[in-house]
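# Residue-level structural notes
Residues per chain are reported as follows:
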Amino acid sequence: MADKEYTDPERMEKIVSLCKRRGFIYQSAELYGGLNGCWDYGPLGVEVKRNLKDYWWRRNVQEREDIVGLDGSILTHQAVLTASGHVGGFSDPMCDCLLSKARLRADQIEPQSGTAYHYSGASEGEWTVERRFAVLLREGQNENKARKTARQYYAQFHPNKSLSPKTLELQGETTSQEENTTSFNPENGSLLTEAREFNLMFKTQMGASSSEDDPNAVAYLRPETAQSIFTQFKNVLDTSRMKVPFGIAQIGKAFRNEINPRNFTFRSREFEQMEIEYFCRPGDGLRLTDEWLENRLSFYEDIGLPREKLHVLDVPDGERAHYSEKTYDIEFDFPFGCQELEGVAYRTNYDLSKHQEHSGKPIEYFDETTKEKFIPHVVEPSAGCDRTVLALLCEAFDEEDVVDTKGKTETRTVMRLNPKIAPIKAAIFPLLKKNEDQVRISREIQEELGSFMHVFYDETGAVGRRYRRQDEVGTPFCITVDFETLGEEDPELKGTVTLRHRDSMEQERVAIADLLPRLLREIR
Ligand code: GAP
């Protein structure tokens, strides 16, 4: 049984650093100090993300007769999100640190115990300020720490901004014992404001003449891709002749003004979702939720996340979203703890009913065989694309000691990405860049394979170093064109190359003519 609390910050640091160093993921607007909660995928990251989305789409749309696709707009009509409940209720409780002004998710603050030092205000000469403030000290901390923190807090209100907080006189100090309180910032002990609800949607104005008060000019960046599927349900039904049970799939960006973006790309403000709304008869919802759970677990195993690192949380009553009668969270053992990858939720007919009610237009389904009319229920497997990429990168990262040809031990960093997901499928090297025949044949191989997959040509440095560079970005195969390829050492080997395998580092001779079919089989 895996330890769900286990974390490995050092490993995570190495992964984040490799992602930047090798061009997987960069902080957005890094040049200007960074845009918090936003990330840019570099040349290799974009390939990984694309491979994941393509594979998800192939498995869930192209290989199935009962699911069709949609690409809805990101800008969303306020009426859609009012009907769905997002305008009224898509919020998280948040509070602010009185000292640092940091904003925290109230429901994520670790309970703490200790002695709280309370103050009613502070003074300096003629100047006074009356405000209640408190600092929590954990066992063993010196009381002067509370006074220093309190002085820093009250100094913010003094007209002389360069005044030393040490000169302030604190007023009305009292203490109390606190058990499991969440009223103080764990970082600095400062009192927090009361929790209040904070809507997570990004609101915007549409149209050149829009005024801030015109409700018709308000639009939102969608907080989930699902809503355009619900609002286009009738159009898809009428134009694609699908019959219940059937699904509509969508991959696309979603936006949430998260209070605390964190853990690299895990909780971002802009992210991509891969969602399916699978419409069914009311009586089939719970069964299909279980079936989708198994389907999704096998998908993750297929792309390289081991089953023992995937956990299923049956979300208890009271903790599910307002629309859900049953939700399974699929969680993964990230280096920062066991966290949600995907939700598989039985949303009943909540959304379609709400859109029917708010739009005043019928969204019912007519069953030709039973002659019944009903609003379909829906099962929703909703995956995070960025979270899955992150899980794949975390799982793939490995360091191992290897002995080189001179008997020296070195650490090999290798991304053991599944070949379907790997950003570069094969790297092609001429053994010697000065050998014209080796270079010509390498370029021919590059051209042939390059029409079918992403390949990379490299002729610089020793072959061993070229292998290491590819290991670090997860390239599953390296192809070396050498003297044997030219038939100079053994005529029987003419027209063959060395195919080197990333994980085992084993090498084999393969005919150039067999490379394409062989690699196509391996990367599918
Ligand atoms: N349509 C249902 C829905 O949006 P959700 O549990 O809020 O449900 C689904 O989101 C998935 O989207 C999550 O399991 C996660 O993978 C991804 N996701 C949600 N918020 C995210 C964020 N702030 N950053 C990255 N991914 C996020």
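Report on the accompanying structure.

A separate point is a negative patch on the surface. On the surface, Glu488, Glu489, Asp490 and Glu492 cluster together to form a negatively charged patch. Secondary-structure assignment places Glu488 in the loop between strand S26 (477–481) and strand S27 (496–501). Overall, the relative accessible area of 53% leaves Glu488 in the exposed class.

Before going further, it helps to spend a moment on the packing of helix H2 (residues 43–62) against helix H8 (residues 285–302). In contact at an axis separation of 12 Å, H2 and H8 are set at 140° when each is read in the N-to-C sense. By the angle between their axes, H2 is oblique relative to H8. The hand of the H2/H8 crossing is right-handed. On H8, the residues touching Leu52, Tyr55, Trp56, Arg59 and Asn60 of H2 are Trp292, Asn295, Arg296, Ser298, Phe299 and Asp302.

Here the focus is helix H1 (residues 9–21). Its 13 residues place the ends of H1 18 Å apart at the C-alpha level, agreeing with the 18 Å of an ideal helix rising 1.5 Å per residue. For H1, every residue scored as buried is listed here: Met12, Ile15, Leu18 and Cys19. The buried residues of H1 occupy one face: seen down the axis, they fall within an arc of 125°. In H1, the exposed positions that point more than 90 degrees away from the buried face belong to Pro9, Glu10, Glu13 and Arg21. Buried residues along H1 sit against strand S1 (25–27), helix H10 (385–396), strand S22 (397–403), strand S23 (409–415) and helix H12 (463–473). Two residues or fewer past H1, Gly23 is found with a positive phi of approximately 85°.

Another point: the pattern of salt bridges. Applying the stated rule across the entire model yields 46 salt bridges. A salt bridge links Glu342 to Arg296; its shortest N-O distance comes to 2.9 Å. Separated by 46 residues along the polypeptide, Glu342 in strand S18 (residues 337–348) and Arg296 in helix H8 bring together distant segments of the chain. One salt bridge in this structure joins Asp503 and Arg416, with 3.3 Å as the shortest N-O distance. Placement of Asp503 in the loop between S27 and strand S28 (507–511) and of Arg416 in the loop between S23 and strand S24 (426–430) is noted, with a sequence separation of 87 residues between them. Connected via shared salt-bridge partners are Asp398, Glu400, Glu410, Arg412, Arg416, Arg468, Asp471, Arg500, Arg502 and Asp503.

Before going further, it helps to spend a moment on the packing of aromatic side chains. Throughout the structure, instances matching the rule amount to 19 aromatic pairs. The interplanar angle of 35° and the centroid separation of 6.3 Å between the aromatic rings of Trp56 and Trp57 together place this pair among those described as tilted. Take Trp57: its relative accessible area is 23%, and that puts it in the partly exposed class. The interplanar angle of 65° and the centroid separation of 5.6 Å between the aromatic rings of Tyr278 and Trp292 together place this pair among those described as edge-to-face. Taken together, the residues span a long stretch of sequence, with Tyr278 in strand S15 (residues 270–280) and Trp292 in helix H8 at a distance of 14 residues. Given a relative accessible area of 4%, Trp292 falls into the buried group. Grouped by ring-pair contacts, the aromatic residues Phe133, Tyr153, Tyr154 and Phe157 constitute a single cluster. A cation over a ring is seen here: Arg296 above Phe299, with NZ or CZ 4.4 Å from the ring centre. Its guanidinium or amino end placed over the ring of Tyr467, Arg500 lies 4.4 Å from that ring's centre, counting from NZ or CZ.

Each neighbour pair has its own omega, and for Val244 with Pro245 the value is 5°, a cis peptide bond. For Phe264, which is not a glycine, the phi torsion comes out positive at approximately 60°. Inspection of the secondary structure assignment puts Phe264 in the loop between strand S14 (246–255) and S15. For Phe264, a relative accessible area of 11% gives the class buried.

Side chains that are three or four residues apart share a direction in an α-helix, a result of its 3.6 residues per turn. When the terminal C-alpha atoms of H10 are compared, their 16 Å separation across 12 residues agrees well with the 16 Å that a helix rising 1.5 Å per residue should span. The buried fraction of H10 is high, at 11 of 12 residues. Buried within H10 we find Cys385, Asp386, Arg387, Thr388, Val389, Leu390, Ala391, Leu392, Leu393, Cys394 and Ala396.

Inspection of the secondary structure assignment puts Thr485 in the loop between S26 and S27. On the basis of relative accessibility, which here comes to 3%, the residue Thr485 falls in the buried class.

Here the focus is the layout of surface pockets. Volume-wise, the second largest pocket comes out at about 480 Å³. As for the second largest pocket, its lining consists of 15 residues, and the residues nearest its centre are Asp404, Glu410, Gly464, Arg465 and Arg468. Within the residue set of the lining of the second largest pocket, elements represented by two or more residues are S22 and H12. Ranked by residues supplied to the lining of the second largest pocket, first place goes to H12 with 5 residues. Here the lining of the second largest pocket is built from residues that sort into 5 nonpolar, 3 polar and 7 charged.

All right, on to the site of the ligand then. Around the ligand, 20 residues are found, and the nearest of them are Glu224, Arg256, Glu275, Glu340 and Leu341. At a separation of 2.8 Å, a nitrogen atom of the ligand approaches a polar side-chain atom of Glu258. One of the side-chain nitrogen or oxygen atoms of Arg347 is found 3.4 Å away from a nitrogen atom of the ligand. Relative to its unbound accessible surface of 550 Å², the ligand loses 90% to contact with the protein.

With that out of the way, let us pick up the sheet that holds strand S4 (residues 75–77). Sheet strands pair by backbone hydrogen bonding; their relative direction is either parallel or antiparallel. With antiparallel pairing, the 3 strands of this open sheet are ordered in space as S4-S13-S12. In the strand order of this sheet, the two ends are held by S4 and strand S12 (203–205), each with one partner. Averaged over all neighbouring strand pairs, the angle between strand axes comes to 45°, with direction disregarded. Note that S12 and strand S13 (residues 218–221) share 3 bridges and pair antiparallel. When the bridges of S13 are listed, Lys203 appears paired with Tyr220.

The rules behind each value
Residues numbered from 1 in each chain as written. Predicted model: local features only at pLDDT ≥ 70, side-chain atom pairs only at ≥ 80, totals over all residues. Heavy atoms only, no water. Patch = residues over 30% accessible without salt bridge, like charges linked within 9 Å, V, L, I, M, F, W, Y side chains within 5 Å. Areas by Shrake-Rupley, 256 points an atom, 1.4 Å probe, with all protein chains shown as cover. Salt bridge = Lys/Arg side-chain N within 4 Å of Asp/Glu carboxyl O. Lys, Arg positive; Asp, Glu negative; His and termini not counted. Charge placed at Lys NZ, Arg CZ, Asp CG, Glu CD. Helix = DSSP H or I, 4+ residues; strand = E, 2+ residues; numbered from the N terminus. Buried < 20%, exposed > 50% of the residue type's maximum accessible area, 1.4 Å probe, protein only. Axes fitted to C-alpha atoms, helices over the stretch in contact; angles between N-to-C directions. Parallel < 35°, antiparallel > 145°, perpendicular 65-115°, else oblique. Left-handed = near helix turned anticlockwise from the far one by under 90°. Contact = heavy atoms within 4.5 Å. Expected span 1.5 Å × (residues − 1). Arc of directions from axis to C-beta. Phe/Tyr/Trp six-rings, centres within 6.5 Å; stacked < 30°, edge-to-face > 60°. Lys NZ or Arg CZ within 6 Å of the ring centre and 35° of its normal. 1 Å grid on protein atoms, 1.4 Å probe; cavity = no way out; pocket = protein on both sides within 12 Å on 5 of 7 lines; lining within 4 Å. Points joined across faces, edges and corners; volume = space filled by probe spheres on them. Nonpolar A, V, L, I, M, F, W, Y, C, P; charged D, E, K, R; others polar. Near = heavy atom within 4 Å. Polar contact = N/O pair within 3.5 Å; in protein donor to acceptor, adjacent residues only side chain to side chain. Pairing = 2+ DSSP bridges.

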